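Chain by chain, the residues:
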Amino acid sequence: MEFFCYHRDRVGSSALRRELVEEHWSYMDRYEAELIARGPAFAADGETLAGSVHIVALPDPAAARAFAFDEPNHQAGVYRDVLLRRWHNLLGRTMWEFPGGRSDGRRYLVIGLGPEPADAGGGTPGLPPGVDRDELIAFGPLLSDDATAWLGTAALLRAPDAERARAVLAPHRYAETEVYEWEFGGRR
């Protein structure tokens, strides 16, 4: 099973996050084989950390909750909240297999939160028409724990700017869309 985990930073927690960077990386090292994508997201200024993305394959929702809530930054209070959802990897690859490499172009995290499940209609969306698959780093639906309800979509992608990144999700399908600058994560 695949899971999308987005830890949103608490305001003023940057110093604590820097202090715990080695503990965070050591924790993530334990999941190296299971990680599909990872990396920090940034606020509109492009410098202030807004959160951390981890897309990971784990055996079940209980293991995913343990992964998300045992993470050292979460335990220490760096994060304000956690968005944890089942996810389905529509690209069938990891971020390390992204043809655009680690650093060429601007990268974004786009999260589209679906309307109330009864209003979602049309089932789970697939890859967006007209989007260059080679610009997508990770793309998939956010699902309920039992994977029966579509709750939104999460994408990591390369785009020239935030508005073009936002456009990868059809706006009429989402109650809210969040866009953050993002970069490949892991040890430097």
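This section reports on the structure supplied with the text. Keep in mind it's a predicted model, so treat the numbers as computed, not measured.

**As for helix H2 (residues 21-29)**
Residues His24, Trp25, Tyr27 and Met28 constitute the buried set of H2. Summarising the axial view, the buried residues of H2 lie within an arc of 160°, below the 170-degree limit, and thus occupy one face. Buried residues belonging to H2 abut strand S2 (35-42), strand S3 (49-57), helix H3 (61-70), helix H4 (72-76) and strand S4 (79-87).

**Description of H3**
What H3 keeps buried is the set Pro61, Ala64, Phe67 and Ala68. Buried residues of H3, viewed axially, fall in a sector of 120°; they line one side. Residues of H3 that are buried sit in contact with strand S1 (2-9), H2, S3, H4 and S4. One side-chain oxygen of the residue at the start of H3 lies 3.1 Å from the amide nitrogen of Ala62, identifying that residue as Asp60.

**Some remarks on the sheet that holds S1**
Spatial strand order, S1-S3-S2-S8-S5-S7-S6-S4: eight strands in a closed barrel with antiparallel pairing. The average angle at which neighbouring strand axes cross in this sheet is 30°, direction not considered. Of the strand pairs in this sheet, S1 and S4 are connected by eight bridges, and their pairing is antiparallel. Residue pairing for S4: Phe4 is matched across the bridge by Arg85. The sheet strands contacting H2 are S2, S3 and S4, and the helix crosses S2 at an angle near 160°.

**Description of the pattern of salt bridges**
Under the counting rule described, the total for this entry stands at nine salt bridges. Note that Arg8 is salt-bridged to Asp81, the shortest N-O span being 3.1 Å. One end of the pair, Arg8, is in strand S1; the other, Asp81, is in strand S4, with 73 residues separating them in the sequence. For Glu181, the salt bridge identified is with Arg106, shortest N-O distance 2.8 Å.

Parameters at a glance
- Residues numbered from 1 in each chain as written.
- Predicted model: local features only at pLDDT ≥ 70, side-chain atom pairs only at ≥ 80, totals over all residues.
- Heavy atoms only, no water.
- Buried < 20%, exposed > 50% of the residue type's maximum accessible area, 1.4 Å probe, protein only.
- Helix = DSSP H or I, 4+ residues; strand = E, 2+ residues; numbered from the N terminus.
- Arc of directions from axis to C-beta.
- Contact = heavy atoms within 4.5 Å.
- Polar contact = N/O pair within 3.5 Å; in protein donor to acceptor, adjacent residues only side chain to side chain.
- Pairing = 2+ DSSP bridges.
- Axes fitted to C-alpha atoms, helices over the stretch in contact; angles between N-to-C directions.
- Salt bridge = Lys/Arg side-chain N within 4 Å of Asp/Glu carboxyl O.

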